[in-house]
Every structure is written in structure tokens, then in C-alpha cells.
Amino acid sequence: MADLSNFKTLCAILERNGFNLKKSLGQNFLIDPTVCPQMADEACADADAIIEIGPGAGVLTVELAKRAKKVVSIEIDEKLRPVLKETLAEYDNVEVVFGDVMKIDLNKLIDDKLQGMKIAVCANLPYYITSPIIMMLLESNLAIESITVMVQKEAADRLCAEMGTRECGAVTAAVRFYCTPSLLFNVPRDSFMPPPKVDSAVIKLDISGKEKEYDVDAVSFFKVIKAAFSMRRKTLVNCLSNGLKMDKQAIYDILDSCEIDRNARGEQLSMEQFTAIANTVKKDVK
Ligand code: SAM
């Protein structure tokens, strides 16, 4: 079995199959032998089936296939077909679906291919589309237990930030609405071929049992957090007044009724405080 995390072996396989890496598709392939086994252990800890996004040459896919009953890998680049045919030849529990993960109906894919199984998502995500993929996975209401993904370190810090800290943004609150995030480990840039300009980190988003934690209308909640973080360094009153198209006095009244400091900034609020604002403005939000 070829060692896909070995630089020379990987280059030889890609060359043999006439494959050239595409920067536009975020094709930075992992060449650190320690990373994929750890990611696969995490993803398979609470699932027996895995949806992988972007198998590339298959380095993570192989580790997932060794641990899971079934792996469905979604790859946008058809040119990787001969590469994956070679590298995954000995794994009959892997199915590669060629297409754009943002356009595939994942609920249907689960019904068709993974019904009745405990499912997790695992991926070394293409950096150009990290947040849209994560939000799509969370918003699609998929029957999955967890999402274990490699993202840029800066994105990992924001996605896993504690509420009420300087690092948090709209995506922090959005993620916490759906799941419990944790940062697992950092991965330096020279773990990839070619090396990207920044370091990375592996995060895990635990989804199981989270959906009923916040008693709030989701539409109002997302409008409020989008508005609250729309202008960095401005006060919450200015952001909400601007983003929700309500006059400042109305926002002061809402903050007072929720017992939130009139001078607060969005990054200082807890999930419970955002929920309270969303429940109060529910009728007025346009
Ligand atoms: N898993 C491999 C590894 O760790 O070496 C490759 C990871 S590479 C960072 C990202 C992979 O995602 C590439 O294979 C790329 O072609 C694929 N990809 C990019 N955009 C995609 C999309 N919208 N849908 C599915 N796959 C995509």
C-alpha cells in the first residue's frame, strides 16, 4: 500500500496520472503522516459512516476507510478520478461522488447511501470556501453527529472562540447556535504540498443533542447577530440600529428590557443575551 503522506510517493502518483494541482480549488495536499490518523480517530469516535469533502489524492480517505464501515467522499475535480481509482483500489467501503459539495443535496445523499448509520463529516477543507461549507452543513439540518475539519488557524480561532471575547464574530455565534465547537490541534503550513501562506488547525463541531438548547426564533436570531457584528469597533446600539433599521431609542429600550449595558459591543455579549434581544425584537425585525 502506497504511503500517500510521503512527498515523493504522492508526486509520483500525481505525475503518473497526469494530474496538476489547482490553486483555485484549494488543492494543498497533506504530507504529514501524523495528521490524518488523528483526524480519522476523532471523526470515527462517534460514527460508523463518514462523509468526506475533497478527498484530493485520498490520504485522509484511506485512514477513514480503515476505521469506518462506509465512506462517501465528494470531490469537485474530475481530474482526480484516475488518481483516486489507484489510491483507493483496495478499499471497497469507499464511494467517490464527483460534484460540488455546495450543490449536492446532502440529505438525499444520506437517504440514498447511508440510511440508518451514525454519520460524521470529516475533511481537510478547501480554504477558499471554508465558512460557506461549514454554515451549509450546519444549516442543512443533516442527520450527523459531528464535523471534524481542518481549516485555517485564524478561522479555527474565530469558529471556536468563547462568546464575550475579542476573537468572536457573527460566525462564532452562528456556530454555537448549532453545535459545541472545540479546537483539537494545530497543523503547521509545511505539513502540506504546496505549503499555504498560513498555518492550520483541526476543529470538531459536536452537533448531537444541540438543536433545542436556545429557545429563540432562528430567523430573528441570525438577523440580530448579523447586525451586531456588521461594524467592528462600533457600539451594539449603532450596529443594531443600522442593521435592523430601527431608531436608536427603540434599541436602547430593547437593551434596557434585556438588562444589557447601553454601551456594550457585540463581542461582549453571551448567547443568552443575543437570544434575549432576538426574542424582544422578533416582531419588529424587517
Ligand atoms: N483531503 C486531501 C488532503 O488532505 O490532502 C485534499 C484536501 S485539499 C485542501 C481540498 C480538496 O477539496 C481538493 O481535492 C479540492 O479539489 C476539493 N474541493 C474544492 N472545492 C470543492 C467543492 N466545492 N466541493 C467538493 N470538493 C472540493
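Preceding this section is the structure that the text describes.
Conventions we followed
Residues numbered from 1 in each chain as written. Predicted model: local features only at pLDDT ≥ 70, side-chain atom pairs only at ≥ 80, totals over all residues. Heavy atoms only, no water. Near = heavy atom within 4 Å. Polar contact = N/O pair within 3.5 Å; in protein donor to acceptor, adjacent residues only side chain to side chain. Areas by Shrake-Rupley, 256 points an atom, 1.4 Å probe, with all protein chains shown as cover. 1 Å grid on protein atoms, 1.4 Å probe; cavity = no way out; pocket = protein on both sides within 12 Å on 5 of 7 lines; lining within 4 Å. Sits in = over half its atoms within 2 Å of the grid points. Helix = DSSP H or I, 4+ residues; strand = E, 2+ residues; numbered from the N terminus. Pairing = 2+ DSSP bridges. Axes fitted to C-alpha atoms, helices over the stretch in contact; angles between N-to-C directions. Points joined across faces, edges and corners; volume = space filled by probe spheres on them. Nonpolar A, V, L, I, M, F, W, Y, C, P; charged D, E, K, R; others polar. Contact = heavy atoms within 4.5 Å. Phe/Tyr/Trp six-rings, centres within 6.5 Å; stacked < 30°, edge-to-face > 60°. Buried < 20%, exposed > 50% of the residue type's maximum accessible area, 1.4 Å probe, protein only. Arc of directions from axis to C-beta.

1. Some details on the site of the ligand
Moving on, step 1. Within the structure, the ligand sits among 22 residues, and Leu-30, Gly-54, Glu-75, Asn-124 and Tyr-128 are positioned closest to it.
Moving on, step 2. A distance of 2.9 Å separates an oxygen atom of the ligand from a polar side-chain atom of Gln-27.
Moving on, step 3. Take Glu-75: an N or O atom from its side chain is 2.6 Å from an oxygen atom of the ligand.
Moving on, step 4. Surface burial for the ligand is 99%, taken as the share of its 610 Å² of free accessible area covered by protein chains.
Moving on, step 5. The cavity that encloses the ligand is the largest cavity.
Moving on, step 6. Elements supplying a minimum of two residues to the shell around the ligand: strand S1 (29–30) and strand S3 (70–75).

2. Topic: the sheet that holds strand S7 (residues 180–187)
Moving on, step 1. With respect to topology, 7 strands assemble into an open sheet ordered S4-S3-S2-S5-S6-S9-S7, the strand pairing being mixed. The open sheet has two edge strands, strand S4 (94–98) and S7, and neither has a second partner. Geometrically, the sheet is characterised by an average inter-axis angle of 20° between neighbouring strands, direction not taken into account.
Moving on, step 2. Examined bridge by bridge, strand S6 (residues 146–152) and strand S9 (residues 200–206) share 7 bridges and lie antiparallel to one another.

3. A look at empty space enclosed by the protein
In this approach a probe as big as a water molecule rolls over the atoms, and the regions it shows empty are the leftover space.
Moving on, step 1. Applying the stated criterion across every chain, the model contains 1 cavity of 30 Å³ or more.
Moving on, step 2. Computed from the structure, the largest cavity encloses a volume of approximately 390 Å³.
Moving on, step 3. The wall of the largest cavity is formed by 31 residues, among which Ile-53, Gly-54, Glu-75, Asn-124 and Pro-126 lie closest to the centre.
Moving on, step 4. Listed by contribution, the elements that provide at least two residues to the lining of the largest cavity are S1, strand S2 (49–53), helix H3 (59–67) and S3.
Moving on, step 5. Here the residues of the lining of the largest cavity sort into 20 nonpolar, 8 polar and 3 charged.

4. A look at the environment of Phe-222
Moving on, step 1. Its location among the elements puts Phe-222 in helix H9 (residues 218–228).
Moving on, step 2. In sequence terms Phe-222 and Ala-156 are 66 residues apart; their C-alpha atoms lie 20 Å from each other.
Moving on, step 3. Leaving out residues up to four positions away in the same chain, Phe-222 has contacts with Met-135, Ala-174, Phe-177 and Tyr-178.

5. Overview of unusual backbone geometry
Moving on, step 1. Cis geometry marks the peptide bond from Met-193 to Pro-194; its omega dihedral reads -15°.
Moving on, step 2. Considering the arrangement of structural elements, one finds Pro-194 in the loop between strand S8 (192–193) and S9.
Moving on, step 3. If you check the backbone angles, Asn-141 has positive phi at about 55° while not being a glycine.
Moving on, step 4. With respect to the helices and strands, the residue Asn-141 is situated in the loop between helix H6 (130–139) and S6.
Moving on, step 5. In this model, Glu-259 sits at a positive phi of 55°, which is unusual for a non-glycine residue.
Moving on, step 6. On the secondary structure map, Glu-259 appears in the loop between helix H11 (248–257) and helix H12 (271–281).

6. Section: the packing of aromatic side chains
Moving on, step 1. Tallied over the entire structure, the rule returns 7 aromatic pairs.
Moving on, step 2. Arranged with centres 5.5 Å apart and planes meeting at 85°, the rings of Phe-221 and Phe-222 form a pair that is edge-to-face.
Moving on, step 3. For Phe-221, a relative accessible area of 0% corresponds to the buried category.
Moving on, step 4. Through successive ring pairs, a cluster of aromatic residues spans Phe-177, Tyr-178, Phe-221 and Phe-222.

7. Focus: helix H1 (residues 7–16)
Moving on, step 1. All of the buried residues in H1 are Leu-10, Ile-13 and Leu-14. Viewed end-on, H1 has its buried residues packed into an arc of 95°, placing them on one side of the element. More than 90 degrees from the buried face of H1, the exposed residues found are Lys-8, Glu-15 and Arg-16.
Moving on, step 2. Its side-chain oxygen 3.0 Å from the backbone nitrogen of Lys-8, Asn-6 forms the N-cap of H1.
Moving on, step 3. Phi turns positive, to about 60°, at Gly-18, one or two residues after H1.

8. Here we look at the environment of Tyr-252
Moving on, step 1. One can find Tyr-252 in helix H11.
Moving on, step 2. Put simply, Tyr-252 and Pro-132 are 120 residues apart on the chain and 33 Å apart in space, counted from C-alpha to C-alpha.
Moving on, step 3. Residue contacts for Tyr-252: discarding those within four places in its chain leaves Val-237 and Arg-262.

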